[in-house]
Amino acid sequence: MPSYQSWGRLPKATPAAVRRIYWRSELVDLDLGTPPVLPFGLGRSYGDSCLNDGGVLIDTSHLSRLIHFDSERGIVRAEAGISLERLLAVIVPRGWFLPVSPGTQFVTLAGAVANDIHGKNHHRAGTFGCHVRRFELWRSDGTRRECSPDENAELFRATIAGMGLTGLISWVEIQLVRIASPCLQMERIRFRSFEEYLALEEESSADYEYTVSWVDCLRSGPMRGLFQRANFSAGGGARGIRRPLRVPFDMPSFALNSTVVKCFNQAIFQLQRRDRISRVTHYAPFFYPLDRVLDWNRIYGKRGFYQYQFLVPNDAEGGFQEILRRISASRQGSFLAILKRLGRIASPGLMSFPREGLTLALDFPNRGQTTLDLLEELDDVVRAAGGCVYPAKDARMSAASFQSYYPQWKEFSHTLDPRFSSSFWRRVTAGAGS
Amino acid sequence: MNRILITGATSAIAQQAARHFAADRAAFLLVGRDPDKLAAVADDLRARGAKEVDTVVVDLLDLARCSRLIDEAVERLGGLDALLVAQGTLPDQAACEVDPELTLRELSLNAMGPITLLLRAAAHFETQRSGCLAVITSVAGVRGRRTNYVYGAAKAAVSTVLEGLRGRMGEAGVSVVDIRPGFVETPMTAHLPKKPLVATAASVGERVYRAMASGDAVVYTPWFWRWIALAIQLIPRSIFAKLPI
């Protein structure tokens, strides 16, 4: 049963109504007067950017057909609600892959545009929005507008990373990338300091399409973690994702205390016997390791969790280390800390989160005010370092923080559909009269 | 199973089943009421690898039109290997009770149309000595429940015809598949209050594909409905009549 909550299950929000769309030929009235509307896909945004408390959600997950697939040129056009998993099932056997892939395949195509997602190849390919050729946007005035870099260009820029606020995306056309097999040649290397990590990024960025690191954020002292780099390979042979497991119930909130997480991190770091391993892996376990466990958000219990993803420019390494210090001192962070150096390819999206610098994402089990205070503190450091925080992951940043991270928000607000809004948007623009 | 005629092709379950056949490079004739929806389904199947997709807009209440569809499919696809009947509505039981004409219309769409198609296709497959007849019926056909007996009667009629055809067609090497889903989340059921044990159209559609590919006879989907249906069949009449289901 669809339950219209976000992945972090925070904050709690109740839509006044939910409207499902099944066909592009349906006439959908998006002008409902007072209750604002918001598109909802698969609910994989962590915070409240996909929620609309008291408003109307437009569920697009049934709008999931392909429209055209040019398998010579690798151009695919599909309806908004198709999941990346379903899209991959069609394109991979025919020798194509997503130009940019997030950490889960359970997001919709339109969600990938609306959040301008990034992936392990950001240093080479930029964001998802860089590969969007065109899309159609339904506005509450009843118009359906095709947008591309040349047509309705302003709406095109605003809708990429537009958080679903500029209208309802009904279909998207993207350029895919060629692959010779569904498998990658992957290397995983242990690092024991920040300097070692930076050196690995440095030596890998030119030759490796995909890089990503896992960091142990509970540890004081020098940073440690595992650095992964990979390229699609010519040969196959590795197994795909096996039958997924499922977390069948909400775990009690004390299950993930800092001792448990410490042991877990120690195990991840030590399980790899050698400092460097190399092997062939199927794309599914490489890109989507967490998809093996369905409903993994339930391990954080009914109280839910916050994910915090921030970015600081390369010249603000001091700020980055300061944040790591504070996280480890707080002993609140969880085991899923992902580190990536983003490249300089600019996104067409007006409100895009990715820019050149270091980004770290990690979970914080919800411990109420203690957690909120810590994240507020981290925001202070990110702001001072000239960085920003990712709205798709956020459930708590202050309006002041948001507006300083995204000074272009005022320009963006002129392109919004007047009948669209979200819990997130109302929160981060509170008191701004917009 | 290379050439398939699907009636009610825009139904959620039919679309999902067809995607699997498309990946096998099948050719389709899709039948439905709404040209825009048919076009959307056809585009989807083409993009997924279908060899050829043709569509025809038909009001399936027109039984004479139904009976011509088989020949039309044979002609357009250059032969026919399978018929999947997925057309159907969920009648408003209360409205049917006070409106016999509405009841007959529902029976026509849910039973007479499918039976017409089945008999025509059976004749074709019998001569050809191969083929697959498949209908999406329902667990609702197992017994006449007071809340849903018009729908149940239609589905039971089709299931009975399928059973008879299975006897007749066995020798000719034609498979006869009766797919009986439980409660499925589709546009047809979107207005109803949510029930437990609900299945997705994707999982039921995949089961339809597998059943047709392997020529299963009677398939309950999800699987546990076989046992629920059995339990319902075993309830004594005197008790069943008192149940508010």
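For clarity, every value in this text was computed on a predicted model and none was experimentally measured.

**Thoughts on the overall build of chain A**
Phase 1: The number of helices and strands found in chain A is twelve helices and 20 strands.
Phase 2: Whereas a compact globule of 434 residues would reach a radius of gyration of roughly 22 Å, chain A reaches 21 Å, a difference of no more than 12%.
Phase 3: In terms of its C-alpha atoms, chain A occupies a principal-axis envelope of roughly 60 × 50 × 45 Å.
Phase 4: Out of the 434 residues in chain A, the part that is buried amounts to 49%.
Phase 5: By sequence separation, contacts in chain A at least 24 residues apart represent 77% of the contacts at least 6 residues apart.

**Section: the pairing of strand β5 (residues 75-79) of chain A**
All names here are of chain A.
Phase 1: In terms of burial, β5 is largely enclosed, as four of its five residues are buried.
Phase 2: Alignment of strand β4 (residues 66-70) against β5, held across four bridges, turns out to be antiparallel. By the bridge assignment, Leu66 is partnered in β5 with Ala78.
Phase 3: Where β4 hands over to β5, the hairpin turn is made up of four residues, of which Gly74 adopts a positive phi near 70°.
Phase 4: Here five bridges tie β5 to strand β9 (residues 168-175), and the two strands are oriented antiparallel to one another.

**Quick word on the domain arrangement of chain A**
When the parts come together, some accessible area is lost, and that loss is often what is quoted as the size of the interface.
Residues and elements named next belong to chain A.
Phase 1: Examined at the domain level, chain A breaks down into domain 1 (66-178) and domain 2 (183-397).
Phase 2: Taken over C-alpha atoms, the centre of domain 1 sits 24 Å from the centre of domain 2.
Phase 3: Counting residues at the interface gives 25 residues for domain 1 and 24 residues for domain 2.
Phase 4: Among the secondary structure elements, those contributing two or more residues to the side of domain 1 that touches domain 2 are α3 (122-125) and α4 (153-159).

**Observations concerning the sheet that holds strand β2 (residues 37-40) of chain A**
Residue and element names in this part refer to chain A.
Phase 1: The sheet built from three strands is open, its strands ordered β1-β3-β2 with parallel pairing. The open sheet has two edge strands, β1 (17-20) and β2, and neither has a second partner. When the angles between neighbouring strand axes are averaged without regard to direction, this sheet yields 30°.
Phase 2: Inspection of the sheet shows β2 paired to strand β3 (residues 56-59) by four bridges, in the parallel sense. Pairing of Phe40 across the sheet is with Asp59, part of β3.

**Quick look at the interface of chain A and chain B**
Phase 1: With twelve residues of chain A at the interface, the matching set in chain B holds eleven residues.
Phase 2: Examining the composition of the side of chain A that touches chain B, we find that four residues originate from one element, β4(A), more than from any other.
Phase 3: Broken down by class, the residue content of the side of chain A that touches chain B amounts to seven nonpolar, two polar and three charged.

**Looking at the sheet that holds strand β11 (residues 183-191) of chain A**
Residue and element names in this part refer to chain A.
Phase 1: The sheet built from eight strands is open, its strands ordered β15-β11-β13-β12-β18-β19-β17-β20 with antiparallel pairing. Every interior strand has two partners, whereas the edge strands, β15 (276-282) and β20 (388-389), have only one.
Phase 2: Across five bridges, strand β18 (residues 338-342) lies against strand β19 (residues 357-365) in antiparallel orientation. Residue pairing for β19: Leu342 is matched across the bridge by Gly357.
Phase 3: Of the strands in this sheet, β17 (305-312), β19 and β20 touch helix α9 (residues 369-384), which is tilted by about 10° from β17.

**Comments concerning the packing of helix α8 (residues 317-330) of chain A against α9(A)**
Residue and element names in this part refer to chain A.
Phase 1: Packing of α8 against α9 brings their axes to within 9 Å, and their N-to-C directions diverge by 170°. For the element pair α8 / α9, the angle class is roughly antiparallel. Facing α8, whose interface residues are Gly319, Glu322, Ile323, Arg326 and Ser330, α9 presents Leu374, Glu377, Leu378, Val381 and Ala384.
Phase 2: The residue inventory of the contact of α8 with α9, partitioned by class, reads five nonpolar, two polar and three charged.

**Quick word on unusual backbone geometry**
Phase 1: A cis amide bond, omega -15°, links A:Leu10 with the succeeding residue A:Pro11.
Phase 2: Note on placement: A:Pro11 falls in the segment before β1.
Phase 3: The linkage connecting B:Thr221 with the following residue, B:Pro222, adopts the cis geometry, with an omega of -10°.
Phase 4: You can see B:Pro222 is positioned in the loop between β9 (218-221) and α8 (225-234).
Phase 5: Phi is positive for A:Asp116, which is not a glycine, with a value near 40°.
Phase 6: Locating A:Asp116 in the fold gives a position in the loop between α2 (109-114) and α3.
Phase 7: Unlike most non-glycine residues, A:Asn152 shows phi in positive territory, near 45°.

**A closer look at the nonpolar core**
Phase 1: Counting 111 residues, the largest nonpolar core has A:Leu109, A:Val113, A:Ile169 and A:Val172 as its most contacted members.
Phase 2: Residue contributions to this core peak at six residues, all from β17(A).
Phase 3: There are two domains that each give this core at least three residues, and those are domain 1 (66-178) and domain 2 (183-397) of chain A.
Phase 4: With residues near it in sequence (within four places) discarded, A:Val113 still touches A:Phe128, A:Gly129, A:Val132, A:Phe135, A:Thr159, A:Ile160, A:Ile169 and A:Val172.
Phase 5: Counting residues in hydrophobic clusters, the runner-up holds 73 residues, among them B:Leu30, B:Ala50, B:Ala82 and B:Val177.

**Observations concerning the environment of B:Ala26**
Residue and element names in this part refer to chain B.
Phase 1: Of note, Ala26 is situated in the loop between α1 (12-23) and β2 (27-32).
Phase 2: Ala26 sits in the buried class, given 22 other C-beta atoms within 10 Å.
Phase 3: Separated by 19 residues in the primary sequence, Ala26 and Leu45 have C-alpha atoms spaced 9.3 Å apart.
Phase 4: Leaving out residues up to four positions away in the same chain, Ala26 has contacts with Met1, Asn2, Arg3, Ile4, Phe21, Ala50 and Lys51.

**Observations regarding the confidence of the model for chain B**
Phase 1: Here chain B averages 94 in pLDDT, and 100% of its residues register 70 or above.
Phase 2: ipTM for the predicted complex: 0.90, alongside a pTM of 0.92.

**Quick notes on helix α6 (residues 149-169) of chain B**
Given 3.6 residues per helical turn, the α-helix brings residues three or four places apart onto the same face.
Residue and element names in this part refer to chain B.
Phase 1: Over its 21 residues, α6 extends 29 Å from the first C-alpha to the last, a length consistent with the 30 Å expected when each residue adds 1.5 Å.
Phase 2: All buried positions along α6 are accounted for by Val150, Tyr151, Gly152, Ala154, Lys155, Val158, Val161, Leu162, Leu165 and Met169.
Phase 3: Of the surrounding secondary structure, the elements contacted by the buried residues of α6 are α4 (93-97), α5 (100-128), β5 (131-136) and β6 (174-181).

Conventions we followed
- Residues numbered from 1 in each chain as written.
- Chains lettered and ligands numbered in written order.
- Predicted model: local features only at pLDDT ≥ 70, side-chain atom pairs only at ≥ 80, totals over all residues.
- Helix = DSSP H or I, 4+ residues; strand = E, 2+ residues; numbered from the N terminus.
- Rg over C-alpha atoms; globule rule 2.2 N^0.38 Å.
- Buried ≥ 20, exposed ≤ 12 C-beta atoms within 10 Å, placed from the backbone.
- Contact = placed C-beta atoms within 7 Å.
- Pairing = 2+ DSSP bridges.
- Domains from an automatic or database assignment.
- Axes fitted to C-alpha atoms, helices over the stretch in contact; angles between N-to-C directions.
- Nonpolar A, V, L, I, M, F, W, Y, C, P; charged D, E, K, R; others polar.
- Parallel < 35°, antiparallel > 145°, perpendicular 65-115°, else oblique.
- Core = buried A, V, L, I, M, F, W, Y, C linked by C-beta atoms within 7 Å.
- pLDDT = per-residue confidence, 0-100.
- Expected span 1.5 Å × (residues − 1).

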